[in-house]
Amino acid sequence: MRREDQERALEEVISRTVHNASERGSRALEAAVADTLYYEQQRLKTAKPSKRRDKERSRYSSYKSRLLRGSDHQRKMVLREMVDSFAREILGNFDPRVHALATRAVPFGLKTLLNATSPRQLVAWRGPGGVNLEEHVVVDGELEHALALRDRGTLILAPTHSSNLDSIVLGYGLHEAGFPPLLYGAGLNLFDNPLMSFFMQNLGAYKVDRRKKAPIYKQVLKEYATVSLELGYHNLFFPGGTRSRSNLIEQKLKLGLLGTGLSAYQNRLRAKHPRPKVFVVPLVLSYELVLEGKTLIDDHLRDVGRSRYIITDDEFASAKRIYQFMRGLLELDTKIYLTLMPPRDPFGNPVDREGNSLDSRGRRIDIERYLMNSKGELSRDNNRDQEYTRELGHEISRAYLQGNTVLPTHAVAFAVFEHLRGLESDPDLYRWLRTGGQTESISLGEASRVVDELVNRLKELESQGKVRLSTRVRECNGQDLLMSALKGFGTYHDTPALERRGDRIYHHDRNLLYYYRNRLVHYGLERVETAV
Amino acid sequence: MSDRVCVLGGGSWGTILAHLAGLAGSETVLWMRNEERVAELNEHHTNERYLGQTQLSELVRGTTELEEAVSGAGLVIFCVPSSATRAIAGRAGEFLTGDQVCLSATKGLEPETYHRMSQVIIQETCVKKVGAISGPNLAKEIVAGQPSATVVASRYTEAIRAGATFLHGDTFRVYGNTDLKGVELAGALKNVIAIASGCVTGLGFGMNVRAALVTRGLAEIQRLGVKLGSDPLTFMGLAGIGDLLVTCGSELSRNFRVGLGIAAGKSLDTICEELGEVAEGINTTRVANSLAKAEGVTMPIAEGVGLMLSGEATPQEVLQDLMTRAARYEIDFDYSAEV
């Protein structure tokens, strides 16, 4: 955020958050302050020892003593101080000039990271035939449509979330495609990674501390997003909230942050802003291999893992793993797809290139009227606005499925997994994942056949606009796809999901097989019911 | 947006709803295709074909112009057959705006897509604040001024409020429900059970059979509804058991009369001709059986009604089949279980 906007945004965020917490009366204010104190003190109990922790502890203790003899005014002052502290921590130091520099540095930085592992490649990359990241990051779909809207209002890009590398890939890919700088919230743990913190800080990321559970903290985050949209900063939210642990395409979206688009639109209408509109662009990221795939699926499958929201010890925390992963991706000659889907307004309606909202028959809609009461005045209605955002979320979920690009590892994992599961008489998925069941291998011919069968069904879905196929999946036969995916599985992960020995295909890391297979759930392609 | 109400469809239920809105004090426009009936309504305040000489509220006027009916109305109620809702919603969509509230009063599912009426309205218009009216509401009892209650369901409280504001009166009580899907499914699916009930009544059976049919019918429509994402408790309310009690026991119900006709050995064409109005249960039976098959839900009564309507089985054969099924526990919380 530009320096001249930072102070303004800070003051707006603080005053709105405090106002919202206190306008519902004395009890609500007391509850807001008490909740924040409680959640923060709980967090600090388990925080790593540091000067910062000690300072925060003493600050919260002083609040406690002030509140004991406090009036409403005193409570409001304490709340303001708490909110001020949250807001200052969240606000990034985004600067468009630094952003431009950082986006140019991404491909260079990644290449350098990769070179460091192989002197031979270092030489090769310095030559004219060096690795070109552009060839590996494909931005497709409704790119022109989305770009056409950037000057007609404020954009919210809403991508799927697979990996911590998403931020880097998106920052680079969208910049190269001509997008203006984007603000986005990134977990505090990402800033701890020494390799990535430079890019995170300067690609427009602001800090989100998921360990902070106080409701008022979430309010501050939402207000910050709203205010930045009102000020005309294009934003990027991950509506899935966190990386998809199972690799399923996100269908249950967190609507809180998404609703800030509607709030910003309403506030700009009230302020009679010349370009009040906000446009939401769903975006699907498709990876052949996922850096943290192994940790994510293991975590998903562990009962305890389901509640583990912040993972700090995954592959992203290891520089070596990132080198290996990037090298693997480049050696595979694979592509990362960033597929932009048709933009929507904050109510979920499609939008044309001029920024007009349309109904399903292509008729223009006056969207201001969605916000009017029976007297024709702009009105606020929490239930109504939540429902509008829910409908937007529904449209984004649908777009995620349609924009998913099927890559060889997805198709092969799905086809082989379903085939193997179909051979088992025991329906227990967990037992199969643990033991591998009765069938330890299938023939190459059998595997190729089931891949061919799946691809035929996928082509039908693609012709109906329900999914996208990568060129390789569309054009290769089952056996070639199988070989391509086997190479992929063998390139990066320590234990491959599938492996060829002679003319047979063996399953090894079934959790990973399940993980890559999950990318094609939700299309009605399953042979057996295996919901987890 | 104004305090004006628009009702699309001048059948018995549509006319009653317009009358209720008029009684509640709202200027109401009733859209009908038939010019003679519009003239009759505007000159004599009657709709003789459906409601005889009943005097309708003077605040109700008729029109054949969709734009005139829809534009600026605070509440628009769709009350046309399920097979016609899409076309009419598409045309009304030319004039509807985002601040308006639309409610569907049609208890049916679209024959081709199996969509609920609220879904059809959303698909064909820009309106988001959509809901449904459903419940035990026999038109002829309401018009006679007898007390009655209904449910207005929507995820939008503004739509529920509009239903209550514009329709609630001394003899008509409106309840709200946020389970729109459940209310619409209950209202549509109960018509299938009503046909079965008419049939057993026509065969001369007494109250034991009817009571068994209603309760087991409720169990199976609830199973399907829950599988499709509804709240099971919705089926215990006015739109579920409430509507079942009425339609399964009254000859005023069109679907019940379809069952009576089948028991009397009449052909489906003859039955429909004699009714003079659409019995949504005929189409809903086919839709319910397809949905049940797709979702893996057992619906023996709906299956039997389907066989009777298609002429593949006689009422006696269906009854025999139902009575000779394997014994099961009555209460089963596994809504997809074989029963």
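Bear in mind that the values here come from a model prediction, so they are computed numbers and not experimental data.

Draft legend 1. Fine view of the overall build of chain B. Helices and strands together make up the secondary structure of chain B, namely 16 helices and eight strands. In chain B, which comprises 339 residues, the share counted as buried stands at 58%. Residue pairs in contact within chain B that sit at least 24 positions apart in sequence constitute 71% of those at least 6 positions apart. When the accessible surface of chain B is split by element, carbon and sulfur atoms take 51% of a total near 13,600 Å².

Draft legend 2. Quick peek at the overall build of chain A. Looking only at helices and strands, chain A features 23 helices and 14 strands. Scored against the burial criterion, the 532 residues of chain A give a buried share of 57%. The contacts of chain A with a sequence gap of at least 6 include a subset with a gap of at least 24, amounting to 76%.

Draft legend 3. A look at the pairing of strand S8 (residues 172-177) of chain B. Across six bridges, the pairing between strand S7 (residues 148-154) of chain B and S8(B) is parallel. From the neighbouring strand, B:Ala153 faces S8(B), where its bridge partner is B:Asn177.

Draft legend 4. Just the confidence of the model for chain A, in detail. Confidence along chain A averages 86 in pLDDT terms, with 83% of residues attaining 70 or more. Across residues 112-131 of chain A, where pLDDT falls below 50, the model places 23 contacts with residues more than four positions away in sequence or in other chains.

Draft legend 5. The interface of chain A and chain B, seen in detail. Counting residues at the interface gives 18 residues for chain A and 19 residues for chain B. Between chain A and chain B the total buried area reaches about 1,800 Å² when both faces are included, carbon and sulfur atoms providing 41% of it. On the chain A side of the interface with chain B, the three residues burying the most area are A:Arg363, A:Arg369 and A:Tyr370, jointly 29% of the side's total. On the surface where chain A and chain B come into contact, there are five salt bridges. Run the count over chain A and chain B and you get 13 residue pairs in polar contact (both at pLDDT 80 or more). Considering every element that reaches the side of chain A that touches chain B, the biggest residue donor is helix H17 (residues 382-403) of chain A, with six residues.

Draft legend 6. Just the sheet that holds strand S13 (residues 498-501) of chain A, in detail. All names here are of chain A. Read from one edge of the open sheet, three strands run S11-S14-S13, paired in antiparallel fashion. Only two strands of the sheet have a single neighbouring strand rather than two, namely strand S11 (441-443) and S13. Sheet twist, expressed as the mean angle between neighbouring strand axes with direction ignored, is 30 degrees. Pairing geometry for S13 and strand S14 (residues 504-507), over four bridges, is antiparallel. Bridge assignment links Arg501 to a residue of S14, and that residue is Arg504. Contacting S11, S13 and S14, helix H20 (residues 444-463) runs over the sheet at an angle of about 80 degrees to S11.

Draft legend 7. Main features of the pairing of S14(A). All names here are of chain A. Judged from the three bridges that link them, S11 and S14 form a sheet pairing that is antiparallel. Looking at S14, one finds that Ile442 is bridged to Ile505. The turn joining S13 and S14, which pair antiparallel and follow one another in sequence, is formed by two residues; a positive phi near 65 degrees is taken by Gly502.

Draft legend 8. Structural detail: the environment of B:Glu112. Residue and element names in this part refer to chain B. Tracing the backbone through its elements, the reader meets Glu112 in the loop between strand S5 (101-104) and helix H6 (117-124). Exposure remark for Glu112: the relative accessible area of 63% places this residue in the exposed category. For Glu112 and Val287, which are 175 residues apart along the polypeptide, the C-alpha to C-alpha distance reads 8.6 Å.

Draft legend 9. Region of interest: the sheet that holds strand S4 (residues 75-78) of chain B. Residues and elements named next belong to chain B. Taken in spatial order, the eight strands make up an open sheet running S3-S2-S1-S4-S5-S6-S7-S8, and their pairing is mixed. Either end of the sheet is taken by a strand with one partner, and the two such strands are strand S3 (60-63) and S8. Ignoring which end each strand starts from, the neighbouring axes of this sheet average 25 degrees apart. Direction of pairing for strand S2 (residues 28-31) relative to S3: parallel, over a ladder of four bridges. Note that in S3 the partner of Val29 across the bridge is Arg61. Lying over the sheet, helix H5 (residues 82-92) contacts strand S1 (5-8), S2 and S4, oriented at roughly 155 degrees with respect to S4.

Draft legend 10. Quick peek at a negative patch on the surface. A surface patch of negative charge is lined by B:Glu35, B:Glu36, B:Glu65 and B:Glu67. If you trace the backbone, B:Glu65 turns up in the loop between S3 and helix H4 (66-70).

Draft legend 11. Highlighting the pattern of salt bridges. All names here are of chain A. A full pass over the atoms with the stated rule returns 46 salt bridges over all chains. With a closest N to O distance of 3.8 Å, Glu56 and Arg52 form a salt bridge. Taken together, the residues Glu56 and Arg52, both in helix H3 (residues 51-68) and four residues apart, mark about one turn of the helix. With relative accessibility at 9%, the residue Glu56 sits in the buried group. Residue class for Arg52 comes out exposed when judged on its relative accessible area of 51%. When the shortest N-O distance is used, the salt bridge between Arg66 and Glu81 registers 2.9 Å. Of the two residues, Arg66 is situated in helix H3 and Glu81 in helix H4 (residues 72-90); the sequence distance between them amounts to 15 residues. A network of salt bridges, in which partner residues are shared, links Glu40, Arg43, Arg52, Glu56, Arg59, Glu89, Asp209, Arg211 and Lys212.

Draft legend 12. Expanded view of the side chain of B:Thr285. All names here are of chain B. Structurally, Thr285 is set in helix H14 (residues 280-295). With a relative accessible area of 1%, Thr285 lands in the buried category. Excluding its chain neighbours within four sequence positions, the residues that come into contact with Thr285 are Val192, Ile195, Ala302, Val305, Gly306 and Leu309.

Draft legend 13. Spatial organisation of the nonpolar core. Among the nonpolar cores identified, the biggest contains 178 residues, and A:Leu79, A:Leu157, A:Phe179 and A:Leu458 are the most heavily contacted of them. Not counting residues up to four positions away in its chain, the partners in contact with A:Phe179 are A:Leu143, A:Ala146, A:Leu147, A:Leu155, A:Leu157, A:Leu174 and A:Leu340. Judged by nonpolar contacts, the second largest core, of 45 residues, contains B:Leu185, B:Val214, B:Ile221 and B:Ala239.

Draft legend 14. Expanded view of the packing of H4(A) against helix H12 (residues 215-230) of chain A. Residue and element names in this part refer to chain A. Interhelical geometry of H4 versus H12 gives an angle of 55 degrees and a closest axis separation of 10 Å. Accordingly, the angle class assigned to the pair H4 and H12 is oblique. Crossing handedness for the pair H4 and H12: right-handed. Here Leu79, Val83, Phe86, Ala87, Glu89 and Ile90 of H4 lie close against H12, whose contacting residues are Ile216, Tyr217, Val220, Leu221 and Tyr224. A per-class count over the contact of H4 with H12 returns 10 nonpolar, no polar and one charged.

Draft legend 15. Representation of the packing of aromatic side chains in the model. All names here are of chain A. On inspection of all chains with the given rule, the structure shows 13 aromatic pairs over all chains. Ring plane angle 85 degrees and centroid distance 5.4 Å describe the contact between Phe417 and Trp432, whose orientation is recorded as edge-to-face. With Phe417 in helix H18 (residues 408-423) and Trp432 in helix H19 (residues 429-435), this pair connects stretches of sequence that are 15 residues apart. Here the two residues Phe417 and Trp432 agree in accessibility, since each one is buried. With a centroid separation of 5.1 Å and 85 degrees between ring planes, the pair formed by Tyr515 and Tyr516 is classed as edge-to-face.

Draft legend 16. Region of the structure containing the packing of helix H15 (residues 293-301) of chain A against helix H23 (residues 510-517) of chain A. All names here are of chain A. For the pair H15 and H23, interaxial distance at closest approach is 9 Å and the crossing angle is 95 degrees. The angle between the axes of H15 and H23 places the two elements in the roughly perpendicular class. Seen from H15, the contacting residues are Gly293, Lys294, Leu296, Ile297, Asp298 and Leu301; seen from H23, they are Asn511, Leu512, Tyr514 and Tyr515.

Draft legend 17. Highlighting H4(A). All names here are of chain A. Compared with an ideal rise of 1.5 Å per residue, which puts 19 residues at 27 Å, H4 spans 27 Å between its outermost C-alpha atoms and is within 8% of the ideal. All of the buried residues along H4 are Arg75, Val78, Leu79, Met82, Val83, Phe86, Ala87, Glu89 and Ile90. Tucked into the core, H4 has its buried residues touching helix H1 (3-22), helix H2 (26-46), H3, strand S4 (205-208) and H12.

Draft legend 18. Spotlight on the environment of B:Cys272. Residues and elements named next belong to chain B. Looking at the element boundaries, Cys272 is found in helix H13 (residues 268-275). Owing to a relative accessible area of 34%, Cys272 belongs among the partly exposed residues under this scheme. Spatially, the C-alpha atom of Cys272 lies 9.4 Å from that of Gly261, the residues being 11 residues apart in sequence.

Definitions and limits used
- Each chain has its residues counted from 1, following the order in which its sequence is written.
- To label them, take the chains in the order written and letter them from A, then take the ligands in the order written and number them from 1.
- Local features in this predicted model are restricted to residues of pLDDT 70 or higher, and side-chain atom pairs are both shown and tallied only at a pLDDT of 80 or more, whereas totals for entire chains, interfaces and linings draw on every residue.
- Side-chain measures here rest on the full set of heavy atoms in the structure, leaving out hydrogens and waters.
- Only DSSP runs of H or I covering at least 4 residues are called helices, and only runs of E covering at least 2 are called strands; the numbering of each starts at the N terminus.
- Three labels apply to residues, based on accessible area from a 1.4 Å probe with only protein chains included: buried if under 20% of the type maximum, exposed if over 50%, partly exposed otherwise in between.
- By definition in these notes, contact holds between two residues if any of their heavy atoms fall within 4.5 Å.
- Here the accessible surface of atoms and residues is derived via Shrake-Rupley with a 1.4 Å probe, and residues count as covered only by protein chains that are part of the display.
- A strand pair is defined by DSSP finding two or more bridges across the two strands.
- In predicted models, pLDDT denotes the confidence assigned by the predictor to each residue on a 0 to 100 scale.
- Two parts placed together each lose some accessible area under a 1.4 Å probe, and adding up what both lose gives the buried area.
- Note on definitions: salt bridges are taken to be side-chain nitrogens of Lys or Arg within 4 Å of carboxyl oxygens of Asp or Glu.
- By the criterion applied in these results, polar contacts are pairs of N or O atoms within 3.5 Å in which, for protein atoms, one can donate a hydrogen and the other can accept it, and in which residues neighboring in sequence qualify only through two side-chain atoms.
- A fitted line through C-alpha atoms represents every axis, and for helices the fit uses only the stretch in contact; the resulting angles, taken between N-to-C directions, go from 0 to 180 degrees.
- Patch rule: a residue counts if its relative accessible area is over 30% and it has no salt bridge; like charges are joined within 9 Å, and nonpolar side chains (Val, Leu, Ile, Met, Phe, Trp, Tyr) within 5 Å.
- The sign given to each residue is positive for Lys and Arg and negative for Asp and Glu; His and the chain ends receive no count.
- For charged residues, the charge sits on one atom: NZ in Lys, CZ in Arg, CG in Asp, CD in Glu.
- The definition of a nonpolar core used throughout is a set of buried Ala, Val, Leu, Ile, Met, Phe, Trp, Tyr and Cys residues joined through side-chain atoms within 4.5 Å.
- Note on terminology: angles under 35 degrees are roughly parallel, angles over 145 are roughly antiparallel, angles of 65 to 115 are roughly perpendicular, and the others are oblique.
- When the near helix sits turned anticlockwise from the far one by under a right angle, the crossing is termed left-handed; a clockwise turn instead gives a right-handed crossing.
- Residue type decides the class: Asp, Glu, Lys and Arg count as charged, Ala, Val, Leu, Ile, Met, Phe, Trp, Tyr, Cys and Pro as nonpolar, and the leftover types, Gly among them, as polar.
- Any Phe, Tyr or Trp ring, taking Trp's six-membered ring, that has another such ring centre within 6.5 Å forms a pair; planes under 30 degrees apart are called stacked, those over 60 apart edge-to-face, and the others tilted.
- One less than the residue count of a helix, multiplied by 1.5 Å, gives the span that helix is expected to have.

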